[in-house]
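Summary of structural features
Each chain, written out:
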Amino acid sequence: MGYEFVIEPLSYIAFEDETAQLEQCKEWGLVSGKAIKTKAFYYKGYGQNLPCNIVGMVDKNTAVIELENKQLHCIHPSYLKEMQAASYGQKPVAEEAGADDPENAVSETDEALTSSELDHNEVQVEEGTSEDAEVVVTAAADQNTEAITAEPEPAAESPEGVEPPIVDISDPDYAPKEKVKKTKKAKIELPEGKVKMKATVQDFTTVPNHFADRDDEVIIYEAVAILEPDTEIGEAWSSHSATLKKLELAIGDTITFEAKIVAKKLTKHPVAYKINNPAKIQKENS
């Protein structure tokens, strides 16, 4: 026949062999670190004393045991460890002597907490006797009682002598604060071919060239725009080619030209676009 207390796993990881079983039992503290084989285990919940075998795990906190009738049951490894104590389930003499004392009596709330609930409780129980398990039950019951009877905490009061500010919404000068929305800069659609452009020289600089003995000379432009169709680019850069050097450009000079513009960041500078092979360059009169 089947046992009603059994919590069968929906799925679990079965041990591949005895070695895997032994290593996991060592990790759970069910056997000593020097053990070379596992031992016999017993399930003692609900007044039972049933031999069982650890066959796998759902996770690190849930072992899967197989009872003598081949039923599988989920249990916390620490709770299974408690069951292996010879005195498990036996009430101490001191407790029986004080059974009539209301202060020592076990409440109905404590008895209502079943071992199946403790199986899934993540409380780690240290190795000891059944008294430890009863302490866990009592602590859980106390927490339930406190959750029901606890009074709500009073709202925080203003410091003595300090009145909170009063906002008069009927005041014609009153206006609620508006949240500032950050606007994301729209992505620029760059044309694929050459286009007519206009730009102003902002700076001359150099960038490292790992394939040559000297750095590359570049020009950084501002107020860069595509004329057809009319598109503002902002900042861009280009190589300071021999053709551009013939124009003897200076900072502040504005030029028009035809070129292809691509998204390529300038090394060590916050400039996102590059002008490739400018042609038909004309410098405007300053």
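Please read all numbers here as calculations on a predicted model, not as lab measurements. (Residues numbered from 1 in each chain as written. Predicted model: local features only at pLDDT ≥ 70, side-chain atom pairs only at ≥ 80, totals over all residues. Heavy atoms only, no water.)

1. Here's the deal with the side chain of Lys44
Looking at the secondary structure, you find Lys44 in the loop between β2 (41–43) and β3 (50–59). Comment: no salt bridge for buried Lys44; closest opposite-charge side chain is Glu82, at 10 Å. Of note is the side chain of Lys44, whose polar atom sits 3.0 Å from the backbone oxygen of Met83. From its side chain, Lys44 meets the backbone oxygen of Ala85 in a polar contact 3.0 Å long. The residues touching Lys44, leaving out its near neighbours within four places in the chain, are Asn49, Met83, Gln84, Ala85, Ala86 and Tyr88. (Helix = DSSP H or I, 4+ residues; strand = E, 2+ residues; numbered from the N terminus. Buried < 20%, exposed > 50% of the residue type's maximum accessible area, 1.4 Å probe, protein only. Lys, Arg positive; Asp, Glu negative; His and termini not counted. Salt bridge = Lys/Arg side-chain N within 4 Å of Asp/Glu carboxyl O. Polar contact = N/O pair within 3.5 Å; in protein donor to acceptor, adjacent residues only side chain to side chain. Contact = heavy atoms within 4.5 Å.)

2. What about helix α1 (residues 18–28)?
The set of residues buried in α1 consists of Gln21, Leu22, Gln24, Cys25 and Trp28. Seen along its axis, α1 keeps its buried residues to an arc of 170°; they face one direction. Away from its buried face by more than 90 degrees, α1 exposes Thr19 and Glu27. Backbone geometry just downstream of α1 places Gly29 in the positive-phi region, at approximately 80°. (Arc of directions from axis to C-beta.)

3. Considering the confidence of the model for the chain
When the pLDDT values of the chain are averaged, the result is 77; 66% of them are 70 or greater. A low-confidence stretch, residues 94–141 stays under pLDDT 50, and its non-local contacts, those more than four residues away or across chains, total 60 contacts. This stretch, residues 144–150, has a pLDDT under 50; its non-local contacts, to residues over four places away or in other chains, come to one contact. (pLDDT = per-residue confidence, 0-100.)

4. Some details on the layout of surface pockets
What the second largest pocket holds in volume is close to 200 Å³. For the lining of the second largest pocket, the secondary-structure elements that each account for two or more residues are β7 (216–226) and β8 (231–239). Per-element tally for the lining of the second largest pocket: the top contributor is β7, with three residues. (1 Å grid on protein atoms, 1.4 Å probe; cavity = no way out; pocket = protein on both sides within 12 Å on 5 of 7 lines; lining within 4 Å. Points joined across faces, edges and corners; volume = space filled by probe spheres on them.)

5. Re the pairing of β8
Every other side chain in a regular strand lies on the same face of the sheet, so the side chains alternate between the two faces. Taken together, the seven bridges between β7 and β8 define a ladder with antiparallel strand orientation. Note on β8: the bridge partner recorded for Tyr221 is Ala236. (Pairing = 2+ DSSP bridges.)

6. Observations concerning the side chain of Thr254
Mapped onto the fold, Thr254 is located in strand β9 (residues 254–263). Thr254 gets classed as buried once you look at its relative accessible area, which sits at 17%. Side-chain polar atoms of Thr254 contact the side chain of Thr200, separated by 3.0 Å.

7. Concerning the environment of Gly89
Positionally, Gly89 belongs in the loop between α2 (77–83) and α3 (93–97). The exposure class of Gly89 is exposed, given its relative accessible area of 63%. A C-alpha to C-alpha distance of 7.6 Å links Gly89 and Gly47, two positions 42 residues apart in sequence.

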